[in-house]
Amino acid sequence: MSAFVGDTRLSQVIVIGGGPVGLGLAIALGQRGIDCVLVERRTEPQPVPKGQNLTQRTMEHFHFWHAEDALRRARTIPPEYGIGGLTTYGTLLGDYRYDWLQRELVRDYYFTANERLPQYETEAVLRARVAKLPSVRTLYGSVARKVRQDASGVAVEIDGPDGVGRQILRAAYAVGCDGSHSLTRQEAGITQTLSDHDRRMVLLVFRSTELHELLKRYPGKSFYCVLHPDLKGYWRFFGRVDLGSTWFFHAPVPPGTTADNFDFHALLHASLGAPFDFTMEHVGFWDLRFAIADTYRQGRIFVAGDAAHSHPPYGGYGVNTGLEDATNLGWKLAATLAGWGGPALLDSYDAERRPVFASTARDFIEKAIRSDKEFLDAFDPARDRAAFEANWSRRAALARSEVGEFEPNYEGSPAVWGPPGASCSALGSHAFAARAGHHLAPRILSSGRNVFEELGDGFALLAFDAPDSAVESFEGAARALSVPLVTLRDSLAGGRERYGARLILVRPDQFVAWAGDAAPAAPIDVLRRAIGQPSGGGSANPA
Ligand SMILES: Cc1cc2nc3c(=O)[nH]c(=O)nc-3n(C[C@H](O)[C@H](O)[C@H](O)COP(=O)(O)OP(=O)(O)OC[C@H]3O[C@@H](n4cnc5c(N)ncnc54)[C@H](O)[C@@H]3O)c2cc1C
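What you are looking at is a predicted structure, and each value in this text was computed from that prediction instead of being measured. (Residues numbered from 1 in each chain as written. Predicted model: local features only at pLDDT ≥ 70, side-chain atom pairs only at ≥ 80, totals over all residues. Heavy atoms only, no water.)

## Here we look at the overall build of the chain
Thought 1: Regarding its fold elements, the chain presents 13 helices and 24 strands.
Thought 2: On C-alpha atoms alone, the chain measures out to a radius of gyration of 24 Å, which is about the 24 Å that the 2.2 N^0.38 rule sets for 543 residues.
Thought 3: By the burial criterion, 57% of the 543 residues in the chain qualify as buried.
Thought 4: When contacts within the chain are restricted to residue pairs at least 6 apart in sequence, long-range pairs at least 24 apart make up 73% of them.
Thought 5: Split by element, the accessible area of the chain, about 20800 Å² in all, is 49% carbon and sulfur.
Thought 6: Placing the 58 positive and 63 negative side-chain charges of the chain at their respective mean positions leaves the two points 1 Å apart. (Helix = DSSP H or I, 4+ residues; strand = E, 2+ residues; numbered from the N terminus. Rg over C-alpha atoms; globule rule 2.2 N^0.38 Å. Buried < 20%, exposed > 50% of the residue type's maximum accessible area, 1.4 Å probe, protein only. Contact = heavy atoms within 4.5 Å. Areas by Shrake-Rupley, 256 points an atom, 1.4 Å probe, with all protein chains shown as cover. Lys, Arg positive; Asp, Glu negative; His and termini not counted. Charge placed at Lys NZ, Arg CZ, Asp CG, Glu CD.)

## Points about the packing of aromatic side chains
Each aromatic ring pair is described using two quantities: the centre-to-centre distance and the angle formed by the ring planes.
Thought 1: Using the criterion set out here, one finds 41 aromatic pairs in the structure.
Thought 2: Ring centres of phenylalanine 276 and phenylalanine 278 lie 5.3 Å apart, and the angle between their planes is 40°; this geometry places the pair in the tilted category. The burial state of phenylalanine 276 is the same as that of phenylalanine 278; both residues are buried.
Thought 3: An angle of 45° between the planes, with centres 5.7 Å apart, marks the rings of tyrosine 296 and tyrosine 349 as tilted. Of this pair, tyrosine 296 sits in the loop between strand 15 (279-293) and strand 16 (297-298) while tyrosine 349 sits in helix 9 (residues 347-378), placing them 53 residues apart in sequence.
Thought 4: The rings of Tyr89, Tyr96, Tyr98, Phe375, Phe379, Phe388 and Trp392 are connected pair by pair, giving a single aromatic cluster. (Phe/Tyr/Trp six-rings, centres within 6.5 Å; stacked < 30°, edge-to-face > 60°.)

## Quick word on the sheet that holds strand 24 (residues 512-516)
Thought 1: In spatial order, the strands read 22-21-23-24; together these 4 strands make up an open sheet with mixed pairing. Only two strands of the sheet have a single partner each, and these edge strands are strand 22 (485-490) and strand 24. Here the average twist between neighbouring strands, direction ignored, is 10°.
Thought 2: Of the strand pairs in this sheet, strand 21 (residues 459-464) and strand 22 are connected by 6 bridges, and their pairing is parallel. Pairing of alanine 460 across the sheet is with valine 486, part of strand 22. (Pairing = 2+ DSSP bridges. Axes fitted to C-alpha atoms, helices over the stretch in contact; angles between N-to-C directions.)

## Let's talk about the nonpolar core
Soluble, globular proteins show a tendency: their nonpolar side chains are buried together.
Thought 1: Val13, Ile14, Leu29, Val175 and Leu333 are the most contacted members of the largest nonpolar core, which totals 99 residues.
Thought 2: Considering every element that reaches this core, the biggest residue donor is helix 9, with 10 residues.
Thought 3: Once residues within four sequence positions are removed from consideration, isoleucine 14 is found in contact with Val37, Val39, Val154, Val156, Leu169, Arg170, Ala171, Tyr173, Ala174 and Val175.
Thought 4: Core analysis: the second largest hydrophobic core is formed by 24 residues, Ala477, Ala478, Leu481 and Leu503 among them. (Core = buried A, V, L, I, M, F, W, Y, C linked by side-chain atoms within 4.5 Å.)

## What to know about the site of the ligand
Thought 1: Close contacts around the ligand come from 29 residues, with Glu40, Gln119, Ala144, Asp306 and Val319 the closest.
Thought 2: Between the ligand and glutamate 40 there is a distance of 2.7 Å, counted from an oxygen atom to a side-chain nitrogen or oxygen.
Thought 3: About the coverage of the ligand: the protein hides 88% of its 1000 Å² of free accessible area.
Thought 4: For the shell around the ligand, the leading source of residues is helix 8 (residues 318-338), giving 3 residues. (Near = heavy atom within 4 Å. Polar contact = N/O pair within 3.5 Å; in protein donor to acceptor, adjacent residues only side chain to side chain.)

## Concerning the confidence of the model for the chain
Thought 1: Per-residue confidence for the chain gives a mean pLDDT of 94, with 97% of residues at or over 70.
Thought 2: Here residues 1-7 is modelled with pLDDT under 50, and outside its nearest four sequence neighbours on either side it reaches 20 contacts, counting other chains as well.
Thought 3: Across residues 537-543, where pLDDT falls below 50, the model places 13 contacts with residues more than four positions away in sequence or in other chains. (pLDDT = per-residue confidence, 0-100.)

## Observations concerning the packing of helix 12 (residues 468-481) against helix 13 (residues 523-530)
A packed helix pair is summarised by two numbers, namely the angle formed by the two axes and the spacing between the axes.
Thought 1: Taken N-terminus to C-terminus, the directions of helix 12 and helix 13 make an angle of 50°; their axes are 8 Å apart at the nearest point. On the basis of the axis angle, helix 12 is oblique to helix 13. Viewed along their axes, helix 12 and helix 13 form a crossing whose handedness is right-handed. Every residue of helix 13 that contacts helix 12 at Ser473, Phe474, Ala477, Ala478, Ala480 and Leu481 is listed here: Pro523, Ile524, Val526, Leu527 and Arg528.
Thought 2: Residue classes in the contact of helix 12 with helix 13 are distributed as 9 nonpolar, 1 polar and 1 charged. (Parallel < 35°, antiparallel > 145°, perpendicular 65-115°, else oblique. Left-handed = near helix turned anticlockwise from the far one by under 90°. Nonpolar A, V, L, I, M, F, W, Y, C, P; charged D, E, K, R; others polar.)

## Observations regarding helix 10 (residues 385-405)
Thought 1: Between its terminal C-alpha atoms helix 10 stretches 30 Å, which fits the 30 Å expected from 21 residues at 1.5 Å a residue.
Thought 2: By the burial criterion, the buried members of helix 10 are Phe388, Asn391, Trp392, Arg395, Ala399 and Val403. End-on view of helix 10: buried residues confined to an arc of 125°, all on one side of the axis.
Thought 3: Taken together, the buried residues of helix 10 touch strand 4 (84-89), strand 5 (97-100), strand 12 (221-227), helix 9 and strand 19 (406-409).
Thought 4: Taking the backbone nitrogen of alanine 386 as reference, a side-chain oxygen 3.4 Å away marks aspartate 384 as the first, capping residue of helix 10. (Expected span 1.5 Å × (residues − 1). Arc of directions from axis to C-beta.)

## Looking at the side chain of serine 245
Thought 1: With respect to the helices and strands, serine 245 occurs in the loop between strand 13 (235-240) and strand 14 (246-253).
Thought 2: If sequence neighbours within four positions are ignored, serine 245 has contacts with Phe206, Arg207, Ser208 and Thr209.

## Digging into the pattern of salt bridges
Thought 1: Applying the stated rule across the entire model yields 28 salt bridges.
Thought 2: Linking aspartate 159 and arginine 166 is a salt bridge whose minimum nitrogen-to-oxygen distance equals 2.9 Å.
Thought 3: Residue aspartate 159 is classed as buried on the basis of its relative accessible area, which comes to 19%.
Thought 4: A residue is classified by how much of its surface remains accessible, and arginine 166, at 53% relative accessible area, is exposed.
Thought 5: We note a salt bridge from arginine 353 to aspartate 325, for which the minimum N-O separation is 2.8 Å. On the criterion of sequence distance, the pair formed by arginine 353 in helix 9 and aspartate 325 in helix 8 is long-range, its members being 28 residues apart. In this pair, the class of arginine 353 matches that of aspartate 325, namely buried.
Thought 6: Among the charged side chains, a network of salt bridges with common partners joins Glu68, Arg72, Arg75 and Glu115. (Salt bridge = Lys/Arg side-chain N within 4 Å of Asp/Glu carboxyl O.)

## A short note on the packing of helix 1 (residues 20-30) against helix 8
Thought 1: Running from amino to carboxyl end, helix 1 crosses helix 8 at an angle of 30°, the nearest separation of the two axes being 8 Å. By the angle class used here, helix 1 and helix 8 are roughly parallel. Crossing of helix 1 against helix 8: the hand is right-handed. Counted together, Pro20, Val21, Gly24, Leu25, Ala28 and Leu29 of helix 1 and Val319, Gly322, Leu323, Ala326, Leu329, Gly330, Leu333 and Ala334 of helix 8 form the full contact between these two elements.
Thought 2: Classifying every residue of the contact of helix 1 with helix 8 by side-chain character gives 11 nonpolar, 3 polar and no charged.

## With respect to the environment of leucine 272
Thought 1: By the secondary structure assignment, leucine 272 is in helix 7 (residues 264-272).
Thought 2: Placed 179 residues apart in sequence, leucine 272 and leucine 93 show a C-alpha to C-alpha distance of 5.9 Å.
Thought 3: Sequence-distant contacts of leucine 272, defined by excluding residues within four places in its chain, comprise Thr91, Leu92, Leu93, Leu211, Leu214, Leu215 and Phe238.

Here is the structure:
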């Protein structure tokens, strides 16, 4: 299939897969006026209550996608009820517990609060937003069959909805957001590195008002992780789908388990630590494993979301990581298609996002499984109560610090002016200081509005008591490179001094590209690196 035989329409980007990540990417592109087509097999979102835990950072994406209010309205748990997590020992009703995944501890570093709702509700909101973007064409009920590329474009063969038949779509770029079994990844010849934990997992969805009554003892909690000595660090996990009746549960089950040969009632009762009435609504399975694509780009084809990385749903990293992929790739594709993105910009997507996932898997998810196992092997309240309780308290403190340590950053990116020798990682720290390669913290401006309300779809220069000449030199550089730039001038007071810099160059994804107190010698070189253009000078920080 040549990229240009039999094609009828030409788009700029074909997004294959319209789960949350494909929809988010289509919005990021469509809002920038990029002509794209989204191909999605399902006519309606899949009614499985996964991907519920949305971080503050994810909610910032929804803010910029003009879909935050709609998403909050779609929440299935009333706003006055908490969406916190709890870890317990032995059974959900057991004697030992601590608060877990307290995202409110890092709330101040983000513009928006976190949220919780089933993924199908999130997808419905995203579908509604996509429908309002004239440059995005959606082909729901269509299945991608082949993906090809040549030097000048991509071609995607699809089976349209009933009666439409086979078509070939063509565009400058294709992005596979088609989930962990991604056809796009395979068609592009992108290999994966797997680390198989060799666990069959069950996902149950059930209704029970009695469980709601029993869990009233844990007010404000919506998800619950049960550590059990027999499970070698893997979890039994309960989550609310709404308040009062619907729940999901996942846990490891023996190899070969099917919906018909296993006693799920006994598993649920044992996990809770008491019998309770429920009605089963769904029994599904998946293999617990980690997978990461060996590259996120092959020529004109990219992968994002679960197509690029998949892992057990421990800690709610999946959809959040995928939506950050969409935001990162979205502005870079749009900049390239608009002509101001330099030749190295698209490669920085892989350079930034792949190490962040590798670190998420290694430093958070696998580490949690390993440390839970080590704890459960070493301590048992029946053997030595005092030692168990001392270490249980230590874990409670660690659970608090882990929320703060999850701070994906691109310090080592070729597209930011980070410190020498730095790398890109999910491990970091939250700070108000503007640090190159890190997410910008929100601050209130003298106008009373938040910085995040003033950032646009392009670059922004924050200038706090900075000399006019410094600002004008950045603005001149942006004009020379045709980079969209808004300037926000204000005083270095009222909390803004916590940025620790008078001049901050912010990327379209709200990450800091460069920060300093004085104008750099060559602002144009600062901007060139941020947009992936070769600079005239060396790689030293021009500041
Ligand atoms: C039980 C469970 C709980 C989870 N909980 C959380 C959580 O709390 N927080 C979190 O962040 N993540 C969670 N996750 C992970 C999260 O659900 C995934 O990371 C997320 O679905 C990834 O989104 P995606 O768009 O990349 O892929 P998907 O959601 O898999 O979407 C891919 C889309 O592509 C379509 N598609 C596939 N092939 C084709 C084709 N050839 N042609 C056309 N369309 C195609 C599919 O129909 C699908 O709609 C959980 C997962 C599970 C299983």
